[in-house]
Amino acid sequence: MSCEGSQQENRASAVGRADGAAALDGPRLRADADAGRVDAAAERPLVDLFAEARSVQCDDRLATGGWLRLAAPAKVNLHLEVGAADHRGFHHVDTVLHALALHDVLSMRLRPAKPGAGLQLAVSARGRGDVQAPDVPGSQNIAHRAVETLARLLGRTHDELIELVIDKHVPAQAGLGGGSSDAAAALVGAARLWGIDPECPEVMEAARQLGSDVPFFLVGGAALFTGRGERLVRALRPRRGIVALVKPAGGVPTAQAYRAFDRLAAAGGGAPAPAGGLLQRAVGAEEVPLFNSLAPASEQVLPELAEVRAWIGAQPGVREALLCGSGACTFAVCDSSEACLRLVGQAKARGWWARATSFAPLRAAVVG
Ligand SMILES: C[C@@](CO)(OP(=O)(O)O)[C@H](O)COP(=O)(O)OP(=O)(O)OC[C@H]1O[C@@H](n2ccc(N)nc2=O)[C@H](O)[C@@H]1O
Ligand SMILES: Nc1ncnc2c1ncn2[C@@H]1O[C@H](COP(=O)(O)OP(=O)(O)O)[C@@H](O)[C@H]1O
């Protein structure tokens, strides 16, 4: 089949999926997905939930041969309150995460391996457009660790090869959770390839072991998490909104942001969180006040973040803006697609990475 032919075919299925996002999100999130369906229709020119997944299906290498396709959405933290560190150095957090339409694409397939070989993994990642591939070899990719971790928890020792290709649309060290979402998608993909229920406890346990943010991507949409960020309190109704993302060239390693937070806290600095109770009462994500305890700390790690914040704050059509998690990306909720696209164009002209997207009721999921 020609690429053009498959593009048309996939376009039809993408519209079907946008309308039927609930099918992606599974029974637990059906109500949330229904809320998001309105968004997808209203914002279709800007928000194509499956644009990346579709473009990868045009890749000759991956167009044939039984590849499973998965979407791994980015996230922002609408609210991130950070408390004290525990004995392992992990900080207590109360955070509301929200998925975005922007997503990486994972392609996975299962092949037989030589008898006695056990589990073999071939993981690669490639940058797409102006997004770089991660700065780690395939064997250290968090998606590689994800499949290994799940196999260990399941006691799976079959002789088999899993091939996994990641197309990166989400920049790293941005606070967008790209690596964590890839890990969650790799868990869901491995479960599917092995004929295992992705809702089984081993998948969630593997997610917890891989990183604080990974469990969120198994839940998706909008949700309140606590503990070190790995413990679900409850899902919230996802919100609507057009979002601009802006990131300077540098990144912020998460551990450095938390260390800077500790230094600021020891010196008596840091903004207090908005009046308590709001998070516990919120039903919909639009009720959650934007707040990020890490923002002042991350601005110390990468001073250019203060410049980005001031610049975004002065742009027309921006309702609210906040640093994404530990940074280095900032998100702005815009009044309109026009305002968002103007902001993105002007941010790029200043040499920053920028992208128009939207809030979305997505989680890491098989899309084809
Ligand atoms: C800040 C947040 C906000 O969602 O994410 P990012 O914005 O960086 O993506 C999270 O708390 C990050 O989650 P994640 O990126 O999964 O971090 P992990 O791999 O678990 O931990 C990386 C390092 O960050 C620090 N860390 C992480 C989580 C936490 N609650 N306290 C911490 O102090 C620790 O130094 C840890 O070694
Ligand atoms: N699949 C992956 N995608 C991105 N980064 C990865 C991946 N696997 C491992 N990494 C490493 O994890 C680091 C943090 O990446 P990421 O999770 O995208 O950032 P953030 O914590 O800001 O959301 C990267 O700098 C990279 O070294």
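Residues numbered from 1 in each chain as written. Chains lettered and ligands numbered in written order. Predicted model: local features only at pLDDT ≥ 70, side-chain atom pairs only at ≥ 80, totals over all residues. Heavy atoms only, no water.

As annotated in an unreviewed UniProt entry, the chain carries the name 4-diphosphocytidyl-2-C-methyl-D-erythritol kinase and comes from Berryella wangjianweii. A UniProt comment under Catalytic activity (unreviewed entry) is attached to the chain, and it reads "4-CDP-2-C-methyl-D-erythritol + ATP = 4-CDP-2-C-methyl-D-erythritol 2-phosphate + ADP + H(+)". (UniProt positions renumbered as here; feature names shortened; annotations may be inferred.)

*Asks:* How do you make sense of the overall build of the chain when you look at a structure like this?
*Replies:* On a plain count of helices and strands, the chain comes out with 14 helices and twelve strands. Expressed as a percentage of its 368 residues, the buried residues of the chain come to 54%. Pairs at least 24 residues apart make up 78% of the contacts formed inside the chain by residues separated by at least 6 positions. Accessible surface computed for the chain: about 15100 Å², of which carbon and sulfur atoms make up 52%. (Helix = DSSP H or I, 4+ residues; strand = E, 2+ residues; numbered from the N terminus. Buried < 20%, exposed > 50% of the residue type's maximum accessible area, 1.4 Å probe, protein only. Contact = heavy atoms within 4.5 Å. Areas by Shrake-Rupley, 256 points an atom, 1.4 Å probe, with all protein chains shown as cover.)

*Asks:* Looking at this structure, how should I read the site of ligand 2?
*Replies:* Close to ligand 2 lie 19 residues; D135, N141, G175, G177 and D182 are nearest. In the model, an oxygen atom of ligand 2 is placed 3.0 Å from a nitrogen or oxygen of the A174 main chain. Coverage of ligand 2 by the protein amounts to 83% of the 540 Å² it exposes when considered alone. Of all elements in the fold, only β4 (160–168) and α7 (178–193) reach the threshold of two or more residues within the shell around ligand 2. Looking at the shell around ligand 2 element by element, the count peaks at four residues for α7. Here the residues of the shell around ligand 2 are counted per class, giving seven nonpolar, nine polar and three charged. (Near = heavy atom within 4 Å. Polar contact = N/O pair within 3.5 Å; in protein donor to acceptor, adjacent residues only side chain to side chain. Nonpolar A, V, L, I, M, F, W, Y, C, P; charged D, E, K, R; others polar.)

*Asks:* What am I meant to see in helix α6 (residues 142–154) here?
*Replies:* When the terminal C-alpha atoms of α6 are compared, their 18 Å separation across 13 residues agrees well with the 18 Å that a helix rising 1.5 Å per residue should span. Of the residues making up α6, those classed as buried are I142, A143, H144, A146, V147, T149, L150 and A151. A side-chain oxygen of the first residue of α6 lies 3.0 Å from the backbone nitrogen of A143; this N-cap is N141. Phi for G155, located one or two positions after α6, is positive at around 65°. (Expected span 1.5 Å × (residues − 1).)

*Asks:* Which parts of the structure should I look at to understand the nonpolar core?
*Replies:* As a rule of thumb, nonpolar side chains are buried together in soluble globular proteins. In terms of nonpolar packing, the biggest core is built from 41 residues, with L106, M108, V147, L164 and L187 touching the most fellow members. If you tally residues by element for this core, the top one is α7, at eight residues. Beyond its immediate stretch of four places on either side in the chain, L187 contacts A146, L150, V203, A206, A207 and L210. Counting residues in each nonpolar core, the second largest holds 27 residues, with V76, L78, V131 and V243 among its members. (Core = buried A, V, L, I, M, F, W, Y, C linked by side-chain atoms within 4.5 Å.)

*Asks:* Would you mind showing me how to read the side chain of D104 here?
*Replies:* Within the secondary structure layout, D104 lies in strand β2 (residues 91–112). Of note is the side chain of D104, whose polar atom sits 2.6 Å from the side chain of K168. Here V170 takes part through its backbone nitrogen, which lies 2.9 Å from a polar atom of the side chain of D104. In this structure D104 touches L70, A71, A72, D167, K168, H169, V170, G178 and D182, once residues within four positions along its chain are discounted.

*Asks:* Teacher, can you tell me more about the site of ligand 1 here?
*Replies:* Around ligand 1, the surrounding shell holds 18 residues, and the nearest of these are H91, S212, T254, Y258 and S326. Between an oxygen atom of ligand 1 and a side-chain N or O atom of K75, the distance comes to 3.0 Å. Between ligand 1 and T254, the relevant distance is 2.7 Å, taken from an oxygen atom to a side-chain nitrogen or oxygen of the residue. For ligand 1, whose unbound accessible area comes to 690 Å², protein coverage reaches 80%. In terms of residues, the shell around ligand 1 owes the most to one element, helix α10 (residues 254–266), which gives three residues.

*Asks:* Please clarify how the pattern of salt bridges should be interpreted in this entry.
*Replies:* Where charged atoms of side chains with opposite charge meet at close range, the side chains can pair. Taken as a whole, this structure holds 15 salt bridges when the rule is applied. Ionic pairing is found between R208 and E205, a salt bridge with its closest N-O pair at 3.8 Å. With a gap of three residues between them, R208 and E205 both fall in helix α8 (residues 201–210), about one helical turn apart. Take R208: its relative accessible area is 32%, and that puts it in the partly exposed class. Take E205: its relative accessible area is 30%, and that puts it in the partly exposed class. Taking the shortest distance from any N to any O, the salt bridge between R309 and E299 comes out at 2.6 Å. Placement of the pair is R309 in helix α13 (residues 304–313) and E299 in helix α12 (residues 295–301), with a sequence separation of ten residues. Because the salt bridges share partners, they merge into one network encompassing D104, K168 and D182. (Salt bridge = Lys/Arg side-chain N within 4 Å of Asp/Glu carboxyl O.)

*Asks:* Looking at this model, I keep getting lost on the pairing of strand β1 (residues 68–85). Mind explaining?
*Replies:* Two faces, one strand: in a regular strand the side chains alternate between the faces of the sheet. Burial runs high along β1: 14 of the 18 residues are buried. In this structure, β1 lies alongside β2, joined through 14 bridges in antiparallel fashion. Bridge pairing in β2 places V76 opposite H98. Hairpin connection of β1 to β2: five residues between the antiparallel strands, including G89 at a positive phi of 95°. Bridge analysis of β1 against strand β12 (residues 365–366) gives two bridges, and the strand direction is antiparallel. The partner of L70 across the bridge, within β12, is V366. Pairing of β1 with strand β8 (residues 291–292), which is carried by two bridges, proceeds in the parallel orientation. The residue bridging H79 from the neighbouring strand is F291, located in β8. (Pairing = 2+ DSSP bridges.)

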